[in-house]
Amino acid sequence: MPRNLWEVYNLLSDEEFRVLRAIERFQAKYEYVPAELVEKAAGLPPSKLAKAIYTLSNLKLIRRRLGNLSGYTLTYMGLDVLALRNFVARGVIKELGDKIGVGKEGDVYIALAPGDYRVVVKFHRAGRESFRKIRKHRSYALDLRATTWLALAKLVGEREFKALVALEREGAKVPEPIAWNRHAVVQRYVEGVELHMIRELRYEEAVKVLLDSLETLRIAYTRVGIVHGDLSEYNILVKVEGEVEAFIIDWPQYVYKDEPNAEELLRRDVSYLLRFLKRRFGVEADLEEAIKYVKGDRDEPPI
Ligand SMILES: Nc1ncnc2c1ncn2[C@@H]1O[C@H](COP(=O)(O)OP(=O)(O)OP(=O)(O)O)[C@@H](O)[C@H]1O
Ligand SMILES: [Mg+2]
């Protein structure tokens, strides 16, 4: 049995990919896509189709339902290999490595791009958790009526990619976006440590983390028009080699600044950041002044 996603991916033949794509095509309309439709769309002779279906179910890339409304449905892993196929075909990545994060919202892998630099592939999972979060945010909710997990996962991927593109263009310290396909986003690997794992920093270094983070939030608010909405010490990566630099990751739940809950989320983001840096590193800055700075109502940083 294959041990990881990359091994699964490499086992698959063109015919098996055709079957996956055939199921995906109708997935928006059917929870379980009827076998006849898959047969037609895949255009394979029955014996080959049966073999492909068998392999795909064994590898847990599709699920089969028997009975009256029989048919096939993609699993998240099925969607993952389709996105991988696209990234490999476009020359975005050449090899997928280890999983470096299993979040509530996605699986994050390290990967190698042609040219041997490291990237991160994030496969979004629009699971129950994100549904709940999303319900709270209008910007998602608008697109949410009568949609499927698949459509939602893709929407989340698109949101993250587009947010990163806009933020990076405006000079914010975020991972550089490289590609997006379906529910998956490829971004530059940030050589850093999650802020919550850092126990020791000199005072000036902790101040730099604060300044970098506030500047990114300010660019997001004033030039892109968005609020992160889920900022915490888990979504800040700190480069500790050479000069300290802080990057803010994990943007798909952002809200536009004119949405009704934007103010509240901005206040929460900034206060989490200040509270953490104060508790752990003794860095003190005034919350109201920090919020003003982020909103562009004041030009001097609050420290
Ligand atoms: N560009 C990147 N460079 C380096 N590491 C990254 C990058 N993106 C994500 N990671 C790592 O993967 C972890 C999870 O990523 P991210 O926060 O984007 O996903 P998530 O699904 O929201 O996870 P969670 O729900 O746990 O917050 C991060 O905490 C970080 O350690
Ligand atoms: Mg995260």
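Provided above is the structure to which this section pertains.
Student: Report on the nonpolar core, specifying residues and quantitative values.
Tutor: Across soluble globular proteins, you tend to see nonpolar side chains buried next to one another. If you look at the biggest cluster of nonpolar residues, it comprises 44 residues, and the most contacted ones within it are Val 19, Leu 20, Val 81, Phe 87, Ile 93 and Leu 96. Domain assignment of the residues forming this core places at least three in each of domain 1 (5–74) and domain 2 (78–188). Core analysis: the next-biggest nonpolar cluster, separate from the first, contains 42 residues, Ala 163, Ile 198, Val 207 and Leu 277 among them.

Student: Kindly report on the site of ligand 1, identifying the contributing residues and their values.
Tutor: Taken together, 19 residues are adjacent to ligand 1, and Lys 122, Arg 188, Val 190, Glu 194 and Asp 250 come closest. At 3.0 Å, a side-chain N or O of Gln 187 approaches a nitrogen atom of ligand 1. For ligand 1, a nitrogen atom lies 3.0 Å from a polar atom in the backbone of Arg 188. Expressed as a share of its isolated accessible area of 600 Å², the protein-covered part of ligand 1 is 88%. The site holding ligand 1 turns out to be the largest pocket. Only strand S4 (106–112), strand S5 (118–124) and strand S7 (184–188) provide two or more residues apiece to the shell around ligand 1. Residue classes in the shell around ligand 1 are distributed as 9 nonpolar, 4 polar and 6 charged. Residues from two domains meet in the shell around ligand 1; each of domain 2 (78–188) and domain 3 (193–295) gives at least three.

Student: Describe the coordination of the magnesium ion (ligand 2), with residues and values.
Tutor: Within the first shell, the magnesium ion (ligand 2) binds the protein through Asn 235 (OD1) and Asp 250 (OD), at distances of 2.2 to 2.3 Å. Remark: Asp 250 occurs in the loop between strand S11 (245–248) and strand S12 (255–256) and Asn 235 occurs in the loop between strand S9 (226–227) and strand S10 (236–239); sequence separation between them is 15 residues. Since its relative accessible area comes to 8%, Asn 235 is described here as buried.

Thresholds applied
- Numbering of residues begins from 1 in every chain and follows the order in which that chain's sequence is written.
- Chains carry letters and ligands carry numbers; both start at the beginning, A for chains and 1 for ligands, and go up in the order they are written.
- Thresholds applied to this predicted model are a pLDDT of at least 70 for local features of residues and 80 or more for the giving and counting of side-chain atom pairs; totals over whole chains, interfaces and linings are not thresholded and use all residues.
- In computing side-chain properties, one takes all heavy atoms of the structure into account and sets aside hydrogens as well as water.
- For our purposes a nonpolar core is just a set of buried Ala, Val, Leu, Ile, Met, Phe, Trp, Tyr and Cys residues, chained together by side-chain atoms within 4.5 Å.
- Partly exposed describes any residue whose relative accessible area lies between the buried limit of under 20% and the exposed limit of over 50%, with all areas from a 1.4 Å probe on protein chains only and scaled to the type maximum.
- Domain start and end points were adopted from an automatic or database domain assignment.
- When we say a residue is near a molecule or strand, we mean one of its heavy atoms is within 4 Å of it.
- The definition of a polar contact used here is a pair of N or O atoms within 3.5 Å, where within protein one atom must be able to donate a hydrogen and the other to accept one, and adjacent residues in sequence count solely through side-chain atom pairs.
- In short, Shrake-Rupley with a 1.4 Å probe defines the accessible areas, and a residue's cover is counted only from the protein chains shown.
- A cavity here means a set of 1 Å grid points, computed over protein atoms only, where a 1.4 Å probe fits but cannot escape. A pocket is an open set with protein on both sides within 12 Å along at least 5 of 7 lines, and lining residues have an atom within 4 Å of a point.
- The way we define it, a molecule is inside a pocket or cavity when more than half of its atoms are within 2 Å of that pocket's grid points.
- Secondary structure elements follow DSSP: runs of H or I of four or more residues count as helices, runs of E of two or more count as strands, with numbering from the N terminus.
- Nonpolar residues are Ala, Val, Leu, Ile, Met, Phe, Trp, Tyr, Cys and Pro. Charged residues are Asp, Glu, Lys and Arg, and all others, Gly as well, are polar.
- Note: metal donors comprise N, O and S atoms at 2.8 Å or less from the metal (3.2 Å for Na, K and Ca); water molecules are not included, so apparent gaps in a site are possible.

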